[in-house]
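Notes for the structure review
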Amino acid sequence: MLLKVENIYFRYPGGEEVLKGASFSADKGEVVAIIGPNGSGKTTLLMVAAALLEPERGIVLLEDRPLREQLPEARKRIGLVFQEPDDQLFNPTVYDEVAFALRQLLSSVEETDRKVKEAAEKFNIKSSLSKPPYKLSIGEKRMVTLASVLAYDPDVLLLDEPTANLSSKSIQEIEKIVLNARDADRAVVVASHDVEFVANVSDRVYVISDGSMLGGLSAKSVLSDESLLALADMNPPLVPQTLRLLGIKLDDNPLTINDLMRASSLATS
Amino acid sequence: MVVMHIPDGFLDVAVVGITYILLFGYGGYVLRKVRLALDTPECISLVSVMAASIFAAQMLNWPVPGGTSLHFVGGALAGIVLGPWLGFLTLFLVLLVQTLVFHDGGITALGANVLNMAIIDVIVGYLIYRAFVKIFGAKDSVRATAAFLGGWLGITLAGAACGLEIGYSSSFPYGIAVTVPVMVGWHAILGILEGVITALTILHLTRRAPQLIFSEADEMISSKKYLTFRKALITTLILIFISPFFGVILADMIGYHEPLDIAAEVLNLPDLTGIINWTPFLDYTVPGLPAEVGYIIAGILGIGVILGIYLAYTRLVKQH
Amino acid sequence: MEGLAEAVDSLSSGTNPALFNPTIAVISALILTGTAAFSYGFKLSALIFAVSVVLVLLTRSPICTWAKILMFILTWATLVSIPVPFITLGAPLANLSLGSIELKVSREGLNAMITFISRVVAAAAIFTSFVSIMGWERIVRGLGGLQMPRELTLLLNLSIIHIPLFLREASMMLSAREARIMRKTRFKDVWRVLATVVGDLLLRSYERAWRLEKAIRSRSFTSTGFLRITPPAKIGAKDLLLFSLTLCILTLGVLGGL
C-alpha cells in the first residue's frame, strides 16, 4: 500500500478533537474517496496525510516508512490540492505558480520552461501564463492549482473538494484528470461532497463521521448503503435514486450513467 | 492621518545617508534576531499577510467632525500585536510597498519614513503597552489606556523625528524652528485619534483572541518587584507633571537664574548659545510649545533615556 | 477600497513589462530618482521630468494615472513651499499688499520654491513612470537581481498579492456592517465599527497566514526551497541604452554640482 494513514487523533490548539482514530489507505492506480458532512475533518485529514499537520497520535506511512522521517524530500512525492484555490496560489504569475516546484527540482531553466508549458497545455492555461493567478476565474484557478501540483509528477495526489464551485463542464474535466492520474499509476485521494463526482471516479470510498472513518469498501457498496450515506450527510447518486423511485432493481447496482448504459446493453444483449 | 510619508526631494544627502544607515543597522539587527524564524514559511506567511492587512486597514476612512476623514498609521498597533521585531518587519514591508508601488513616500526618504513609522512608532507602542500591562495587569481599562498612550505617543514622537529630519535637511525650505513645532503639534493632536483607534482595535482583539497579542505574552507577575516599580513609576510621573510649577512658574516669579549663568554674566563671558546649539531641547524647552509643556516633554525624555540605559545595563549584566 | 484593489491589480503587470531587464530598470529608476531628489538646479530636474514624459508616451502607459500622482505631489509641494518666497531674504521681485500687511517676494525665495517643487515632482515622475511601464511584479524581480535578501523579495511579492484580497475583504466587511445599521449613527458608533473591521482584518490575516504557510510548505522540497530565486532575465540593447542614458544624466548632475 503506497499511503497508509493510521489511527490519527488531531486537535487544533484550544479546540475540540477533530480526528478520533481516523484511518485510510490508498494504493497506486486507485482512487479513494473520503466523504463526510461539513466539519467532519476531511480537510484536516488530508493535511495530516500531506504531513502539514502533526497529529497527537497516529502515523502516516509512505511505502511503509513514516512520512515524517522522509521530509522534506518526500514532499515531491505528494501533491495536495487545496479546497480554496486562493489559499494555494501565492506566486505573482501563473507561470511562476506552475514553475514554483519545478525550479526546486530542475537545475536547467530550459527544462523548467518546457515542463511549465507542457503542464499549461495539458490544463488549458497556456494563455494565462503571464497573468496573476488571482485575476482568473474559479475554474481557471482550479486548473492552475492542479497544473502546479501535477507538474512535478507526485506519486500521491490528495484533492480537497476539487469540484467545489465549478461548472458541470469543468467538473467533467476534473474527472478526466483524476482518472488519468489513476491510470498513470498514482494513488489519488479525493475528499468531496459531490456524490456524482465520487461515483464517477472512485474505486473505494470511506465515510468520515465525527472524526472517525467507516467504509473503505468498494464505491458501489458504500454509495448504495443509505445508512452510511446518511452519516456523510449525502444522498445516493442520481442513478440509484431514480431506479429506486421507479422500483427497478438491477443486479449490477449501477451508480452512474455509464454503469447504467453498460448494464442495459448487457441486458439487451 | 498624517503628513508622515516624506516624498523624494525633501531630504538632503546627509539626512538620507544617516537614516539609511539607521535603517540598515536596525534592520540587520532585527533580521539577526528573527533570522531563524524568517527562513520558515510560518514567519514569511505571517509577516507578509499582516503587512497586507495593515495596508488595507490604513486605507479605511475614519470620519471626523467637519466633513473630512483621516487614515491611521498602525505602527503602535503592529508593535503591540506582533512585538517589536515582527512589528518592524511588517511596517517596513507596508512602507516598502507604498513607496515602490504607489510612490507614497520617496525612495530616498524610505530610511526616514521607516525610522519614523516602523521603528519609533512600533517600539514606543510596544514598550508602553507591555510596561502598563506588566505593571498594572491585563484588564480592559489598562489595555485601553496603554494602547491609547502607545498610539498617541508613538505618532507624536514619530512626528517629532520627521520634523527633525526635514528641518535639519538643507533641501527643505524651513529649519527645525518651524518643522519640529509644526510636526510635533500637528501629530500630537492627530495622535489622539490614532490612540483612540489603537485602543478600540486592541479592545476588540483582546475580546476575540487575547492569545494573539504579543505584548501580553508573558503572564502578568504581580510580585513585590512590580508593585514597587509601579509605585516608583507613578511617583516619578507625578513629579514630572508638577515639575513645571517649580521649574518654570515659580522660577519666573522669583526671577531665578542658574548660578553659573550669573557667574558668566558677572565675568562678562561671551554667550555661545547661538553658535553651540545642536539640540532642539535647549533649556528644557521644545521650540514652538509653551515652556511648561516643553518642560514636561523634556522630563519624560530625560527619564526615558535614564531608564533605557538602566534597562540595557541590567540586561547586559544578566547576559554575562 | 474596491477601486484601490483594482488599481493594485492593474499595477501588477505594467504596460510593457518585458521592455527592460528588470534589474537594469530598477537600477536606472533608483539612480534617476536619487539624482532628481538631490538636484539643486531646475534644469536637471526638468531634464529628468522630460525623460519620464518620453518614457510614458513611448510605452503608451496610462498617462492619466501617472498624471494624477504627479498632480497630487505638485499640489502638496506647492502648498508646503508657498511661504518660501516671502520669508527668504534677497533681492525683492514683487510686493504684495494684504490690507495692512506688506509681503515682499524675493527672487532667491522664488527660485528656491521653483527648485524645490521641480525636484520633488521630477523624482516622483521618473519613478512612477518606471512602475507603470514595468509593473510591481517586475520591479520586485529587479530588486531580487540587486541581491536583496530572498526573504525580502518573497515577503514583498506575497504582501502585494494579498493587498487586493484584504482590500476587498475590508470592503465586504464594511458593507456587511453597513447593511445592518438601521438608525442614524454617531461618530463614535462609526469608529467602533471601523475598529472591529481593523481587528477582524488582523484576525483574518492570522488565518490566511496559516493557510499560506501550508500552501508554501506543501510544495517546498527542502527546508528553504521556497526561497529559490527566479532566473535572471537577459540584457539587451534597450537596457544598455537606458543605462547609458541614466549614467549620462547622473554625470551631468554630478559635474554640474547637482
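Keep in mind that this is a model prediction, so the values were computed, not measured.

Residues and elements named next belong to chain A. Strand order in the open sheet made by the 4 strands is β2-β1-β4-β5, with antiparallel pairing throughout. On the outer flanks of this sheet lie β2 (17-26) and β5 (65-66), each paired with one strand and no other. The pairing of strand β1 (residues 3-11) with β2 spans 7 bridges and is classified as antiparallel. Each bridged residue has a counterpart across the sheet, and for Phe10 the counterpart in β2 is Leu19. In the packing of helix α1 (residues 42-49) onto the sheet, contacts are made with β1, β2 and β4 (57-62), and the angle to β1 comes to roughly 120 degrees.

Looking now at the sheet that holds strand β8 (residues 187-191) of chain A. All names here are of chain A. With respect to topology, 6 strands assemble into an open sheet ordered β6-β7-β8-β3-β9-β10, the strand pairing being mixed. Two strands lie at the open edges of the sheet, namely β6 (78-81) and β10 (212-218), each paired on one side alone. Each neighbouring strand pair of the sheet contributes to a mean axis angle of 15 degrees, computed without reference to strand direction. Where strand β3 (residues 30-35) and strand β9 (residues 204-209) come together, 4 bridges link them in parallel fashion. Bridge assignment links Ala33 to a residue of β9, and that residue is Val205. Lying on the sheet, α1 is in contact with β3, β6, β7 (156-160), β8 and β9; it crosses β8 at an angle near 155 degrees.

With that settled, consider the packing of helix α2 (residues 22-37) of chain C against helix α3 (residues 42-58) of chain C. All names here are of chain C. In the contact formed by α2 and α3, the axes pass within 9 Å of each other and the chain directions differ by 150 degrees. In terms of axis orientation, α2 runs roughly antiparallel to α3. The interaxial crossing formed by α2 with α3 has left-handed handedness. In this structure, α2 uses Leu32, Thr35 and Ala36 to contact α3, whose residues at the interface are Leu44, Ser45 and Ile48. For the contact of α2 with α3, the residue count by class is 4 nonpolar, 2 polar and no charged.

On to the arrangement of the chains. In this assembly, 2 pairs of chains are in contact, and the pair with the greatest number of contacts comprises chains B and C. At the C-alpha level, the nearest point of chain A lies 10 Å from chain B, with no contact between them.

Turning our eyes to something else, we now look at the interface of chain C and chain A. Contact residues are listed per partner, giving 22 residues for chain C and 23 residues for chain A. Of all the secondary-structure elements, those providing two or more residues to the side of chain C that touches chain A are α8 (150-179) and α9 (187-218) of chain C. The greatest single-element share of the side of chain C that touches chain A, amounting to 7 residues, is contributed by α9(C). Its residues placed into classes, the side of chain C that touches chain A shows 8 nonpolar, 7 polar and 7 charged.

This next bit is on the domain arrangement of chain B. Residues and elements named next belong to chain B. The domain boundaries assigned to chain B delineate domain 1 (1-218) and domain 2 (223-320). Between the C-alpha centres of domain 1 and domain 2 there is a distance of 26 Å. Of the residues lining the interface, 10 residues belong to domain 1; the matching set on domain 2 comes to 9 residues. Sorting the residues of the side of domain 1 that touches domain 2 by element identifies α4 (110-136) and α6 (176-208) as the ones contributing at least two each. Here the element with the most residues in the side of domain 1 that touches domain 2 is α6; it accounts for 6 residues. Counted by class, the side of domain 1 that touches domain 2 contains 8 nonpolar, 1 polar and 1 charged residues.

Conventions we followed
Residues numbered from 1 in each chain as written. Chains lettered and ligands numbered in written order. Predicted model: local features only at pLDDT ≥ 70, side-chain atom pairs only at ≥ 80, totals over all residues. Pairing = 2+ DSSP bridges. Helix = DSSP H or I, 4+ residues; strand = E, 2+ residues; numbered from the N terminus. Contact = placed C-beta atoms within 7 Å. Axes fitted to C-alpha atoms, helices over the stretch in contact; angles between N-to-C directions. Parallel < 35°, antiparallel > 145°, perpendicular 65-115°, else oblique. Left-handed = near helix turned anticlockwise from the far one by under 90°. Nonpolar A, V, L, I, M, F, W, Y, C, P; charged D, E, K, R; others polar. Domains from an automatic or database assignment.

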